[in-house]
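# Commentary on secondary and tertiary structure
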Protein chains: 2
Amino acid sequence: MAEYWSTLDVDLHLSVDPASGRRVGLEHALREAIRDGRLAAGTRLPSTRTLAVELGLARGTVSAAYDQLVAEGQLVAVRGSGTRVAQAAAGAGAGAVERGSPRAAPATTPAHPTAPALSTTPLGSGGESVSRPGGAPARPFALSLRPGTPDLSHFPRAAWLRAGRRALNAAPNDVFGYGDPRGRVELRRALAEYLGRARGVLADPERIVIVSGAVQGLALLGQVLGGVVAMEDPYIPLFHGVVRSNGAQVLPLPVDDDGARVDLLSGRRYRDVGAAIVTPSHQYPIGSTLHPARRQALVEWARDGRRLIVEDDYDGEFRYDRQPVGAVQGMAPERTVYLGTASKTLGPGIRLAWMVLPEHLIGPVTEAKLHADHQSEALGQVTLAEFITSHDYDRHIRAARLRYRRRRDLLAERLHTRAGRPAAGFALGGIAAGLHALVRLEPAGMSEEEVLRRAAEFDLELEGLGGLWHTPNTFASSAPRPQGIVVGFGSPTEAAYPRALDALVRTLSWR
Amino acid sequence: MAEYWSTLDVDLHLSVDPASGRRVGLEHALREAIRDGRLAAGTRLPSTRTLAVELGLARGTVSAAYDQLVAEGQLVAVRGSGTRVAQAAAGAGAGAVERGSPRAAPATTPAHPTAPALSTTPLGSGGESVSRPGGAPARPFALSLRPGTPDLSHFPRAAWLRAGRRALNAAPNDVFGYGDPRGRVELRRALAEYLGRARGVLADPERIVIVSGAVQGLALLGQVLGGVVAMEDPYIPLFHGVVRSNGAQVLPLPVDDDGARVDLLSGRRYRDVGAAIVTPSHQYPIGSTLHPARRQALVEWARDGRRLIVEDDYDGEFRYDRQPVGAVQGMAPERTVYLGTASKTLGPGIRLAWMVLPEHLIGPVTEAKLHADHQSEALGQVTLAEFITSHDYDRHIRAARLRYRRRRDLLAERLHTRAGRPAAGFALGGIAAGLHALVRLEPAGMSEEEVLRRAAEFDLELEGLGGLWHTPNTFASSAPRPQGIVVGFGSPTEAAYPRALDALVRTLSWR
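Heads up: these notes are all about the structure in this document.

## Quick notes on the overall build of chain A
The helix and strand tally for chain A stands at 14 helices and 18 strands. Counting over 511 residues, chain A shows a buried share of 60%. For chain A, contacts bridging at least 24 residues in sequence account for 73% of all contacts bridging at least 6. Total accessible area on chain A stands at roughly 18400 Å², and carbon and sulfur atoms take up 51% of it.

So, in structure tokens, the structure goes:
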């Protein structure tokens, strides 16, 4: 019985061996976690009730185990502040502390899809930003609704390991060698089938290039395309930086509730634009879906001028209220680069993303990939191929979709009907899909700054729209910009999510 | 009992279940391999003697199993051409043929350390080269002594899977998320310890950046350093291209039997050089070791001018005749970038390499890595960390060193004493270390071109020095360049190596 649980601070993998009895097994697992440093001194344990629910044990069993460890001096119970790991107890096994203690690992705060982990300030937008390797974020929060990552505690560890073993046992020796810069053919075949079926992408394995995340996809495209590229505004600051530092100019393209303002692309301002980078399925961060008429107009703009659409389909698998919106790529495969990723379905740590390319870009992108890192790591590729062809991937996505849909529903319910005394002037949008929604702040209500400050008082980390605009002075900035909070409901653990929602409701109820 | 064996064409992983008896187990394993397409129709099986040795079975057991499958019509025995898979027998399981059949995989010919897999012509040296994605090499060879990869059939599959399971079970959830662009702290800590111990590198985990192969390391350095970089000549053409396409100019630096001509760096021609990329431990491809006096001069050149040494330590683990030569980095850690890799110890497919940086480069390289692909894949990193800390890595390297040393000895023995009527005018060099040696062709003997043509008649693929010079017209080219064959003794399987050596001896005995 291996279970994950979360305290306010850490997620911990706790293996309770049922053979030794539940209470004894839990005591043993806790002692081991304290000894090898996974539970650091001072860490607050979850309440007995929370842990009992998460582990499927009786509350009395957990209480008894806690009591035993308190008696041993390994835990300390302080009235009003819960149970904590004693100062003297932790880290007795020094070797183990060095390996994988969550506290020893550098504190990183994922912000957006493929967000800068080093800094909470926009990176690369003006070249003035400074990375802070190893630096902790300005303050750690107990709760977070920042967008950008799925619930990592649901990564299918066991199924992934099994798929890896099957894949590695079946793989020819050349999997360990230098291979095609486009990636393993097993994965390209599996993806061609999957993307056609699930996303309406016209994908031939010969046209797929496996890349190490969307960041690398955009970096290679920046090198290959050069020139002027239009990019939705707001979007992800790191992505502007990536495209710019790889040799292309970036022109912001406004978005509204119908997605990117495709109509503007025909104007003078955009006449030099050779490619538009868009998120048609679920705009990041606004959450809107590109209107069908605009999809059509976008395709025509690309066809008529022999221009390129770069379709960032980062969360297309997660649509809740109707059938997923198919990819734009299916409408114009020779004018579209489709960019998909496993970062939202599995996790960004495995760094697997894919581009489906028009014929004329296969050669240049393959050569750019060769000069970037020769090829992406191969064992993860054959593992994902096996994971897809065995339909583990579909099963995992279906289960995740259900979970996230429940979270989305809970978010909507709490904000609309249970907010106590809800502040006037906010509205929830972008909830039809994905792992984030937008709480739009109306002029009558609180400002972004006020909301973020207030949330911090409830120990809740949020992300405002403010940091996601291209620059403080794009041409669209003459009109007052909408203010809002991008709420990521993907990343908290199941246990932390209700608490985070509570804090959000309280934050927005203030005044 | 899982064993690998090789035919002339394919390497195959054959699981013989000892529970069912040796002969029956082998029959079963062969049937399965034929059914699921791993053994394609027409494939020649190894001789009963070879297979018996490789699997540790009696020869009679293998003969009996072959006879049984011949009787079943699954194998065909043809006098003088051995035993082959029957045409009708193979590929009954169509699904399996698509996944991972060595024949179905794209044919790639690894050439050098991190060699271009797409093309046998030098890539990137003049911008005129064309990649050939998916294209097969001009002709497939039955035997190959091209350098650049270790024996992939000895990749420690089982130990790697076990380490992966331990690492994944122990890892916190954040291993699946966005992390430090420098890579997992578990691996950086393990490497700091290992590199200090095994290579004399002064490595602090804070100064290590994990990269996806040496190619990416050089790409990031090209971006960060810019300016003019000196690079050994001959070296790897792909590497020139990588550094150039990432924004630095490249100036060739001649090498001789004492390694790089460090003395030249003080001359007018090199006055703008800010960094020198060198292979001090075992020059690629010449095979020489940088002379101690030159090591000292190199360090002084870097210190006096606040310049940088980039130490490509691609095969430093494999030294046969005395203690490994320590890394230059240990002499001047603030003026050296140390670049190490798992490509030669494990295999390039896992794409794990590491840079140990001077303090002032940590920030810029980390930011370049963030903009390249955010971070390297994390599961392979924690697996390698576990593989190192459990000392599986040391054990694997020791075993590999013994194997390669035996191969090196056999190469020397065959070329020096058993070559029948050896052609006048060749000499073997660079054999003190690594996975390749240089057969130097003297003017009296055959030209490179003749040797390559002759080898092709014996179905042997070789690599000449010719393609490894920077350009046809470097300033050093007024003197006639040495001609030679870079013999890679790492990549053939155990079974194929003696046959490849036979072909090499015959090639060089011709005239």
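## So, the sheet that holds strand S9 (residues 259-260) of chain B
Residues and elements named next belong to chain B. If you trace the eight strands from one edge of the open sheet to the other, you get S6-S13-S12-S11-S10-S7-S8-S9, paired in mixed fashion. What marks the edges here is a single partner per strand, and that holds for strand S6 (208-211) and S9. For strand S10 (residues 273-278) and strand S11 (residues 308-312), the ladder comprises four bridges, and the chain directions are parallel. Bridge pairing in S11 places Ala-275 opposite Leu-308.

## Comments concerning a positive patch on the surface
Positive charge collects at one region of the surface, where Arg162(A), Arg165(A), Arg162(B) and Arg165(B) lie side by side. Taken together, the elements giving at least two residues each to the positive patch come down to helix H5 (157-170) of chain A together with helix H5 (157-170) of chain B. The residue Arg162(A) is located in helix H5 in this model.

## What to know about empty space enclosed by the protein
It is a probe the size of a water molecule, rolled over the atoms, that shows where empty space is left. The computed volume of the largest cavity comes to approximately 330 Å³. What lines the largest cavity is a set of 20 residues, among which Trp160(A), Leu379(A), Thr383(A), Trp160(B) and Thr383(B) lie closest to the centre. If you list the elements that add at least two residues to the lining of the largest cavity, you get H5 and helix H11 (378-389) of chain A together with H5 and helix H11 (378-389) of chain B. Grouping the amino acids of the lining of the largest cavity by side-chain chemistry returns eleven nonpolar, six polar and three charged.

## Details of the nonpolar core
Membership of the largest hydrophobic core comes to 68 residues, with the highest contact counts inside it found for Trp354(A), Leu384(A), Tyr393(A), Leu411(A) and Leu504(A). Setting aside anything within four residues of it in sequence, one finds Leu384(A) in contact with Trp160(A), Leu187(A), Leu346(A), Leu352(A), Trp354(A) and Tyr393(A). In terms of nonpolar packing, the next biggest core, distinct from the first, is built from 67 residues, Val201(B), Leu346(B), Ile350(B) and Val439(B) among them.

## Section: the sheet that holds strand S9 (residues 259-260) of chain A
Residue and element names in this part refer to chain A. What the eight strands build is an open sheet, ordered S6-S13-S12-S11-S10-S7-S8-S9; its pairing is mixed. Whereas interior strands pair on both sides, the edge strands pair on one side only; in this sheet they are strand S6 (208-211) and S9. Here helix H6 (residues 185-199) sits on the sheet and contacts S6, strand S12 (336-341) and strand S13 (353-356); the angle it forms with S6, its principal contact strand, is near 105°.

## Thoughts on unusual backbone geometry
In this structure, the amide linkage connecting Tyr284(A) to the following residue, Pro285(A), adopts the cis form with an omega of 10°. Mapped onto the elements of the fold, Pro285(A) is located in the loop between strand S10 (273-278) and helix H9 (292-304). Cis geometry is adopted by the peptide bond preceding Pro234(B), which originates at Asp233(B) and carries an omega value of 10°. Tracing the backbone shows Pro234(B) in the loop between strand S7 (228-233) and helix H8 (237-245). The phi dihedral of Arg351(A) is positive, around 45°, even though this residue is not glycine. Residue Arg351(A) is classed as buried on the basis of its relative accessible area of 1%.

## Regarding helix H13 (residues 448-457) of chain A
All names here are of chain A. Considered for burial, the residues of H13 that qualify are Glu-448, Glu-450, Val-451, Arg-454 and Ala-455. All buried residues of H13 project into a common sector of 160° when viewed along the axis, lining one side. Exposed residues on H13 whose side chains face more than 90 degrees from its buried face are Glu-449 and Glu-457. Next to the buried residues of H13 lie strand S15 (436-441), strand S16 (460-461), strand S17 (463-464), strand S18 (483-488) and helix H14 (496-509). Looking one or two residues beyond H13, the residue adopting positive phi is Asp-459, at roughly 65°.

## As for the packing of aromatic side chains
Residues and elements named next belong to chain B. Taken as a whole and assessed by the stated rule, the structure comprises 16 aromatic pairs over all chains. On the numbers, 5.8 Å between centres and 70° between planes, the contact of Phe-155 with Trp-160 is edge-to-face. Taking relative accessible area as the criterion, Phe-155 reaches 3% and is therefore assigned buried. For Trp-160, a relative accessible area of 6% gives the class buried. Here the aromatic rings of Tyr-284 and Tyr-314 are separated by 5.8 Å at their centres, their planes lie at 90°, and the arrangement is edge-to-face. Taken together, the positions of Tyr-284 in the loop between S10 and helix H9 (292-304) and Tyr-314 in the loop between S11 and strand S12 (336-341) put the pair 30 residues apart, joining distant regions of the chain. Taking the relative accessible area as the measure of exposure, Tyr-284 reaches 1% and is therefore buried.

## Some details on the pairing of S12(A)
Residue and element names in this part refer to chain A. Counting buried positions along S12 gives six out of six residues, so the element sits mostly inside the fold. Residues Thr-336, Tyr-338 and Gly-340 of S12 are buried on one face, and the alternating residues Val-337, Leu-339 and Thr-341, pointing to the opposite face, are buried as well. Pairing of strand S11 (residues 308-312) with S12 involves four bridges; the strand directions are parallel. Each bridged residue has a counterpart across the sheet, and for Asp-312 the counterpart in S12 is Leu-339. Sheet analysis places S12 next to S13, joined by four bridges and oriented antiparallel. When the bridges of S13 are listed, Gly-340 appears paired with Trp-354.

## Let's talk about the side chain of His470(B)
Residue and element names in this part refer to chain B. Along the chain, the position of His-470 falls in the loop between strand S17 (463-464) and strand S18 (483-488). A distance of 2.8 Å separates a polar atom in the side chain of His-470 from the backbone oxygen of Glu-232. A distance of 3.3 Å separates the side chain of His-470 from the side chain of His-240, its partner in a polar contact.

## Side note on the packing of helix H10 (residues 359-373) of chain A against helix H7 (residues 214-225) of chain B
Remark: H10(A) packs on H7(B), axes separated minimally by 5 Å, with the N-to-C direction vectors making an angle of 90°. It follows from the interaxial angle that H10(A) and H7(B) lie roughly perpendicular. Here Leu370(A), His371(A), Ala372(A) and Asp373(A) of H10(A) come into contact with H7(B), specifically with Val215(B), Gln216(B) and Ala219(B). A class-by-class count of the residues in the contact of H10(A) with H7(B) yields four nonpolar, two polar and one charged.

## A look at the pattern of salt bridges
Throughout the structure, instances matching the rule amount to 53 salt bridges over all chains. The partner of Glu461(B) in a salt bridge is Arg146(B), and the shortest N-O contact between them spans 3.7 Å. Of this pair, Glu461(B) sits in strand S16 (residues 460-461) while Arg146(B) is found in the loop between strand S5 (143-144) and H5, placing the two residues 315 residues apart along the sequence. What makes Glu461(B) buried here is its relative accessible area of 9%. Between Arg454(B) and Glu457(B) there is a salt bridge, with its nearest N and O atoms 3.3 Å apart. One end of the pair is Arg454(B) and the other is Glu457(B), both in helix H13 (residues 448-457) and three residues apart, which spans about a single turn. By relative accessible area, which is 16% here, Arg454(B) ends up buried. Overlapping salt bridges bring together Asp151(A), Arg403(A), Arg407(A) and Glu494(A) as one network.

Here is what the cut-offs are and how they apply
Residues numbered from 1 in each chain as written. Chains lettered and ligands numbered in written order. Predicted model: local features only at pLDDT ≥ 70, side-chain atom pairs only at ≥ 80, totals over all residues. Heavy atoms only, no water. Helix = DSSP H or I, 4+ residues; strand = E, 2+ residues; numbered from the N terminus. Buried < 20%, exposed > 50% of the residue type's maximum accessible area, 1.4 Å probe, protein only. Contact = heavy atoms within 4.5 Å. Areas by Shrake-Rupley, 256 points an atom, 1.4 Å probe, with all protein chains shown as cover. Pairing = 2+ DSSP bridges. Patch = residues over 30% accessible without salt bridge, like charges linked within 9 Å, V, L, I, M, F, W, Y side chains within 5 Å. Salt bridge = Lys/Arg side-chain N within 4 Å of Asp/Glu carboxyl O. Lys, Arg positive; Asp, Glu negative; His and termini not counted. Charge placed at Lys NZ, Arg CZ, Asp CG, Glu CD. 1 Å grid on protein atoms, 1.4 Å probe; cavity = no way out; pocket = protein on both sides within 12 Å on 5 of 7 lines; lining within 4 Å. Points joined across faces, edges and corners; volume = space filled by probe spheres on them. Nonpolar A, V, L, I, M, F, W, Y, C, P; charged D, E, K, R; others polar. Core = buried A, V, L, I, M, F, W, Y, C linked by side-chain atoms within 4.5 Å. Axes fitted to C-alpha atoms, helices over the stretch in contact; angles between N-to-C directions. Arc of directions from axis to C-beta. Phe/Tyr/Trp six-rings, centres within 6.5 Å; stacked < 30°, edge-to-face > 60°. Polar contact = N/O pair within 3.5 Å; in protein donor to acceptor, adjacent residues only side chain to side chain. Parallel < 35°, antiparallel > 145°, perpendicular 65-115°, else oblique.

Coordinates in, geometry out; function isn't part of it.
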